[in-house]
Amino acid sequence: MIKRHSLLFLLGAALFTLTLAACARDFAPLADVPPAAADPAALPPISLPADHAPHDNLSEWWYFTGHLSDDSVHEYGFEFVIFQADRGGEIAYAAHFALTDPAAGDFAYDQRTSFAHGSRQAVGLDLCVGGWTLAEADGSFAFTADLPDRRLTLRLSPIKPPAIHNRDGLLDFAPYGWSYYYSYTRLDVSGELSGDGGPAEIHGQAWMDHQWGDFISVGAGGWDWFSLQLDDGRDFTASIIRGDDGEVVLKYATLVAPNGVARHLEAGEFTITAGDEWASPTTGAIYPSRWRLVIPDAAIDLELRPVLAAQELDARASTGNIYWEGVVLAVGESGALGRGYVELTGYAPGATALSLDILTGPRTDLCAPAP
Amino acid sequence: MLERLGRLFARRRWYVIGFWVLLAALSLLLAPRVGSVLRAGGFSAAGLESEIAFERYQQDFGSPGSAVSIVFHSEELAASDPVFVEAARAALHPLNQLDYVRQVLPFWDNPTQVAPRGHTAYAAVVVDIDDERAHRIVPDIRAALAPIEIEMHVAGAAAFYEDIQSTSESDLRRAEAIGLPFALLALLLVFGSLVAAGVPVISGGVSVIVGLAAIFLLGQVASFSIFALNVVTLVGLGLGADYSLFLVSRFREELARGLSPEDAVAVTLSTAGRAVLFSGLAVMIGLSSLTMFEFMMLRSIGIGGTVVTIIAVLAATTLVPAILMVLGPNIDRGRVWRPRFGVRDGWARLARLVMRRAGLVFLLVGLFLLLMGAPLLRIRVNAPDAGVLTPDSESRQVYDLLSREFGVGHIAPSFIVARFEGGALGPAGIDTLYRLGLALENDPRVVRVRGPLNLDPRITFDEYRLLYADPDQIADPYAAGFATVFTRGDTVVMSIEPRAPAASPEARGLVDALREYRDRHGLDLLVGGGAAGLSDFSDRLYEDFPKAVALILLVSYVVLLFLFRSILLPLKAVFMNTLSLAASFGMLVLVFQDGWLANVFRFEPLGYVEATLPVLMFALLFGLSMDYEVFLLARVKEAHDSGSDNTEAVALGLERSGRVITSAAMVVIVVSLAFVTADIVLIKAVGLGAAVAIFIDATVVRTLLVPATMKLLGEWNWWAPGWLFRGAK
């Protein structure tokens, strides 16, 4: 009997084992991954003209500012910029265009956006954002932009070689990323400004900045940017970047000689001090104004005076911020010694007005304005 | 009592028949409408983490509504091509006229709805109808879509369930069209006469029709799964035919002994009828165990199966005796052949042969069955996805297209819902979500993570901190967009697209990893979505399964204890039954998990066994295959009670039940095999599993293992403590 029962027991045990067959699953824990730190030192140097074209980086912009006059010696300042933001393959373009007419006391601006998915626009620099265009060919640039009552078409040809900032063209914003940065500090400009009175030939000089890298331009304390084209042939640019606590975290400048040779200036080699303030009646933001620029080594001591106080752009519908960007005159003891542009960001609380549009806007026609 | 009832039904035969005719006629009005009460899904239960996660999402973000996807595909045109866009726009335009369409989200407004290759895109149609009923509007949506030149499909869970329902219905028609004639053929083979063969077919048919009508009525107050349709029909048809076969067979025996039709009916009901009642009880015990599960899908099959079993038992014990009384000796009318089953005394001789080498046979057959059951050791169970449909069904084809073009993770992503004190994008939220996002983005099981801290892997932690420094004043448009979509107050949601299908062990492993991460870091975080839902479903299912198994075994044991008045005999019956089920389950693993004979049975191997299958099969087959054990042992006991010793009683029992069990098994196998033609893999598997289990039970178990075990146990077979059955041996 024991033998018989053993048989049954064996069979039962085997059956029990069968019924214990586990539901299969492959478990491996999620590993804690240390964040990878970018190393700007490992990046290749700027290579032109290839680097005029858009890059696969978080942020990029092409900035043009300049001073124009028509045959009747009517003067204008202009700002035209295209921004490219890449967030995980979703690419947004924004463009701002502003015209300053100091004689008329008029400052007008507009903005455009368009969204791409997965791929950038054509090879080379050939962008179209909501109908505004920017292209580069054979070392010269061309753009077209309009305001409700005016349309500006310009061709821009560099007079000087590109100025590579911070010696190698690379800025380390660690821990907030890094950026490439070069400028054409003086471009010869010709084109057409169309308005109510019909088209008018215009000409002048412009400045071009191209900056790109894995950084996000908004959210920190903001920055003050200065560009000056002096009558003696020298050009100067400075950037003063503030942290979220308002303290200056990065300050540098470039002085370009009449022959185009660029000299990097460390923070201690120049001072820029604001002597006034301007409160925006529209946004309530208070901006610094009327600066004194001193570069002892270069015998430069100038006052930078805005030609108009109200040169503020509310760009919440495109880049999500409010900033001041306007024409300034460089005035010395002996009178006006040059012209320039100043950009001031981080003085007004920004918040995008785009909201979900940027995630759900049309992707089919980049030249058409986004809703 | 059964004898008296038999006489009553015999005398009042026309009332009984009239009652059933009326019932069947009324049922014919209701049964075709059964589809309208059947519901999709039924795989969720309260308290599952994935359910709570979805509830929390709904609570904080609002109900997303049910969505039907309209998929567009062209090999020639890109989804960005104006021709493609215009065609899709034209197709979708009429949908706005439908009352229940809340919103149509086209692909040209959302790049995530366009496949990476750019030739496939979908529009999401959000409807104000709950998930369980959304499948009913799919035909309307199909009809409303304007015809266009490019390839267009209706997809999503609603379309999948609509396909399941229409496939179930066509499977059913096909199974009936094949099963009924073949069952009739099998019965002709058994009885040799058209009239005798016709009675079980009528009984089976009436059981199904009345059963479906009963489900229609029950469906007004309870939820019934669309999967219940085929299982209920299989049970109704199989049992209805099986039970009346036992009765017809016994009736003919009694007529042949010279009894009058009324006496023959009375004896038939008191003997075979009694066995039918016990057998029905065994089947009901098995099927009703399904009501222990919280999942509507199983519960409704349990209720439906129990109801149809009751109807089959009632039809066999009331309608069939009445018909037999009407037919009397005409039962053998329409004779087409005279059955001659083997040599006389063949079953008894086989039993004696087996019992001479009882130990060896027991060991060899036991090992054989264990070997057959061995694949069960590597069973992988998983909840059903589109794989339950055959590759040529539309839902399956669209599922395959979307998997190929978007990746499987896009179709059924996982998600986490987490809460952080101080706001979703407060310091703790940002810190945790960044680390979790980084861990997920670097995990080889993950294709894509979407969340407020997963805009782009190049954005550093400090940059995110700056971006979300003031959650109410986010300047970066993308970050603001992501914050709007993925956060509400303290709650944040992240979507995770796994590399492997939601039903795969890899995707389930990822869900476990997320939960382990949560526990390791003490987070208020819940994991939901595709893989989590499937994982939670099968985990809960197999938490409850042992309880259901224990209940079935215990109740079956107790019922058999009273039937056989023995301690060991019911134990042996339960044990033998479990063995044949294990062998059948092993075969299911080989076929449906490993893909053996996949070409023959026309399906694509799942790589796993559909999770409900073992549960369903156990509940269904334990009762069905117990039938034969009951019939056999009842005859053995009868012989033993009449004075035969153990060995002789086994031989006589096998001899007397041999033919009828073989015939009954043949009918159920034929009916079950008709369901193997189903396009739904789950139904195919139930049909095949039932056929195999009953085949094993009616052959190796009945003819070899039972006699061998009976011999090995000897007189212990009949032992019971005196106090348990006073007056019994």
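The rules behind the values
- Residues numbered from 1 in each chain as written.
- Chains lettered and ligands numbered in written order.
- Predicted model: local features only at pLDDT ≥ 70, side-chain atom pairs only at ≥ 80, totals over all residues.
- Helix = DSSP H or I, 4+ residues; strand = E, 2+ residues; numbered from the N terminus.
- Rg over C-alpha atoms; globule rule 2.2 N^0.38 Å.
- Contact = placed C-beta atoms within 7 Å.
- Buried ≥ 20, exposed ≤ 12 C-beta atoms within 10 Å, placed from the backbone.
- Pairing = 2+ DSSP bridges.
- Axes fitted to C-alpha atoms, helices over the stretch in contact; angles between N-to-C directions.
- Domains from an automatic or database assignment.
- pLDDT = per-residue confidence, 0-100.
- Expected span 1.5 Å × (residues − 1).
- Parallel < 35°, antiparallel > 145°, perpendicular 65-115°, else oblique.
- Left-handed = near helix turned anticlockwise from the far one by under 90°.
- Nonpolar A, V, L, I, M, F, W, Y, C, P; charged D, E, K, R; others polar.

**Concerning the overall build of chain B**
A tally of helices and strands in chain B yields 24 helices and 13 strands. Relative to the compact-globule value of 27 Å for 729 residues, chain B shows a C-alpha radius of gyration of 30 Å, a close match. Here the C-alpha coordinates of chain B stretch approximately 100 × 50 × 40 Å along the principal axes. Of all intrachain contacts in chain B linking residues separated by at least 6 positions in sequence, the fraction that spans at least 24 positions is 80%.

**Description of the overall build of chain A**
Counting its regular elements, chain A contains 2 helices and 22 strands. In chain A, buried positions account for 45% of the 371 residues.

**Quick word on the environment of Ile-300 of chain A**
Residues and elements named next belong to chain A. Tracing the sequence through the fold places Ile-300 in strand S19 (residues 300-306). Distance in space between the C-alpha atoms of Ile-300 and Ser-334 is 12 Å, their sequence separation being 34 residues. Once residues lying within four places of it in the same chain are set aside, the contact partners of Ile-300 are Leu-293, Val-294 and Ile-295.

**Topic: the sheet that holds strand S2 (residues 66-73) of chain B**
All names here are of chain B. Taking strand neighbours across the sheet as the criterion, the 4 strands line up as S3-S4-S2-S5 in an open arrangement whose pairing is antiparallel. Of all the strands in the sheet, the pair left with one neighbour each is strand S3 (101-105) and strand S5 (151-155). Between one strand axis and the next, the sheet turns through 20 degrees on average, direction left out of account. By the bridge criterion, 5 bridges tie S2 to S5 in an arrangement that is antiparallel. Its bridge partner lying in S5, Ile-70 is registered against Val-154. Across the sheet, helix H13 (residues 394-406) lies against S2, strand S4 (120-127) and S5, angled at about 105 degrees from S5, the strand it touches most.

**Quick look at the domain arrangement of chain B**
Segmenting chain B into domains produces domain 1 (1-39 + 192-340), domain 2 (62-161) and domain 3 (421-523). Taking the mean C-alpha position of each, domain 2 of chain B and domain 3 of chain B sit 28 Å from one another.

**Description of unusual backbone geometry**
Here the bond from Leu-48 of chain A into Pro-49 of chain A is cis, since omega is 15 degrees, no more than 30 degrees from zero. Counting through the fold element by element, Pro-49 of chain A comes out in the loop between helix H1 (2-19) and strand S1 (59-70).

**Things to note about the confidence of the model for chain A**
Overall, the predicted model of chain A reaches an average pLDDT of 85, with 85% of residues at or above 70. Confidence over residues 1-24 of chain A falls short of pLDDT 50; this stretch has 22 contacts with residues more than four positions distant or in other chains.

**Overview of the confidence of the model for chain B**
Model confidence for chain B is summarised by a mean pLDDT of 88, while 98% of its residues fall at 70 or above. At the level of chain-chain contacts, confidence expressed as ipTM amounts to 0.82, with global pTM at 0.79.

**A closer look at the pairing of S4 of chain B**
All names here are of chain B. Of all 8 residues in S4, 6 are buried; the element is thus mostly enclosed. Examined bridge by bridge, S2 and S4 share 8 bridges and lie antiparallel to one another. Across the sheet, the residue bridging to Ser-66 is Val-127, located in S4. Taken together, the 4 bridges between S3 and S4 define a ladder with antiparallel strand orientation. Residue pairing across strands places Val-101 opposite Val-127, the latter belonging to S4.

**A short note on the pairing of strand S15 (residues 248-256) of chain A**
Residues and elements named next belong to chain A. Of the strand pairs in this sheet, strand S14 (residues 235-242) and S15 are connected by 8 bridges, and their pairing is antiparallel. Residue pairing for S15: Ala-238 is matched across the bridge by Ala-253. Hairpin geometry of S14 and S15 is characterised by an intervening segment of 5 residues between the two adjacent antiparallel strands and by a positive phi of about 90 degrees at Gly-246. As defined by bridge partners, S15 adjoins strand S16 (residues 262-265) across 4 bridges and the pair is classed as antiparallel. Directly across from Val-256, in S16, lies its bridge partner Ala-262. Hairpin connection from S15 to S16: 5 residues lie between these consecutive antiparallel strands, with Gly-260 at a positive phi of about 95 degrees.

**Notes on helix H7 (residues 194-218) of chain B**
Its 25 residues give H7 of chain B an end-to-end C-alpha distance of 35 Å, which sits within 8% of 36 Å, the value for a rise of 1.5 Å per residue. Judged by how many residues are buried, H7 of chain B sits mostly within the fold: 18 of 25 residues are covered.

**Describing the packing of helix H1 (residues 2-11) of chain B against helix H10 (residues 296-327) of chain B**
Residue and element names in this part refer to chain B. Relative orientation of the contacting elements H1 and H10 amounts to 60 degrees, with a least axis distance of 8 Å. Compared by their axis directions, H1 and H10 come out oblique. Where H1 crosses over H10, the handedness of that crossing is right-handed. In contact with Gly-6, Phe-9 and Ala-10 of H1, H10 contributes Thr-318, Pro-321, Ala-322 and Met-325. The residue inventory of the contact of H1 with H10, partitioned by class, reads 5 nonpolar, 2 polar and no charged.

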